[in-house]
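Now for the letters of each chain:
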Amino acid sequence: MSTVTAGIQILPNGKDDGTHGDLQEIVQVIKNSGLPYKVGPMETVIEGELNSVFEVIKTAQEKSIALGASEVHSTIKIHYRPSGVSLLDKEE
């Protein structure tokens, strides 16, 4: 499969404030994946093969639980094109 971009928002305990630094830990999971990414004010966009992107999302959700969240709300938007999509495409 070609490269996709995925806009993700992961909210430990369903909130984006009062997370005691958990969001920074989640961004670190994304950074450690080695996939290209860009953090924005409302979501983070990741570029990669679909299975790799989903694996990062799964790991980020598991990290949220490991940090003490009782549940995780995730919003995921995927941009797919047979020829591939990149972060640079989003900036044009």
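The structure under discussion appears in the preceding block.
Residues numbered from 1 in each chain as written. Predicted model: local features only at pLDDT ≥ 70, side-chain atom pairs only at ≥ 80, totals over all residues. Heavy atoms only, no water.

Examining helix H2 (residues 50–66)
Between its first and last C-alpha atoms H2 spans 24 Å; for 17 residues at 1.5 Å apiece the expected length is 24 Å, and the two agree. Between the side-chain oxygen of the N-cap and the backbone nitrogen of Asn51 there are 2.9 Å, and the N-cap of H2 in question is Glu49. Looking at the residues trailing H2, positive phi occurs at Gly68, about 115°. (Helix = DSSP H or I, 4+ residues; strand = E, 2+ residues; numbered from the N terminus. Expected span 1.5 Å × (residues − 1). Polar contact = N/O pair within 3.5 Å; in protein donor to acceptor, adjacent residues only side chain to side chain.)

Notes on the pattern of salt bridges
All told, the structure shown has two salt bridges when counted by the stated rule. Measuring nitrogen to oxygen at the nearest pair gives 3.9 Å for the salt bridge that ties Glu25 to Lys63. Here Lys63 lies in helix H2 and Glu25 lies in helix H1 (residues 22–32), a separation of 38 residues in the sequence. Overall, the relative accessible area of 36% leaves Glu25 in the partly exposed class. Linking Glu43 and Lys77 is a salt bridge whose minimum nitrogen-to-oxygen distance equals 3.3 Å. One end of the pair, Glu43, is in the loop between strand S2 (37–39) and strand S3 (44–49); the other, Lys77, is in strand S4 (residues 72–79), and 34 residues separate them in sequence. Among the residues examined, Glu43 registers a relative accessible area of 25% and is labelled partly exposed. (Salt bridge = Lys/Arg side-chain N within 4 Å of Asp/Glu carboxyl O. Buried < 20%, exposed > 50% of the residue type's maximum accessible area, 1.4 Å probe, protein only.)

Regarding the sheet that holds strand S1 (residues 3–12)
The sheet built from four strands is open, its strands ordered S2-S3-S1-S4 with antiparallel pairing. Edge positions in the sheet fall to S2 and S4, since each has one partner strand and no second. When strand polarity is set aside, the average angle formed by the axes of neighbouring strands in this sheet is 20°. By the bridge criterion, eight bridges tie S1 to S4 in an arrangement that is antiparallel. In the sheet register, Ile10 faces S4, and the bridge partner there is Ser74. Across the face of the sheet, H1 comes into contact with S1, S2 and S3 while running at roughly 155° to S1. In the packing of H2 onto the sheet, the strands contacted are S1, S3 and S4, and the crossing angle to S3 comes to about 135°. (Pairing = 2+ DSSP bridges. Axes fitted to C-alpha atoms, helices over the stretch in contact; angles between N-to-C directions. Contact = heavy atoms within 4.5 Å.)

Regarding the packing of H1 against H2
Packing of H1 against H2 leaves a shortest axis separation of 9 Å and a crossing angle of 150°. Our classification of the angle between H1 and H2 gives roughly antiparallel. Between H1 and H2 lies a crossing whose hand is right-handed. Along the contact surface, H1 presents Glu25, Ile26, Val29 and Ile30, while H2 presents Val56, Thr59, Ala60, Lys63 and Ser64. Looking at the contact of H1 with H2, its residues break down into five nonpolar, two polar and two charged. (Parallel < 35°, antiparallel > 145°, perpendicular 65-115°, else oblique. Left-handed = near helix turned anticlockwise from the far one by under 90°. Nonpolar A, V, L, I, M, F, W, Y, C, P; charged D, E, K, R; others polar.)

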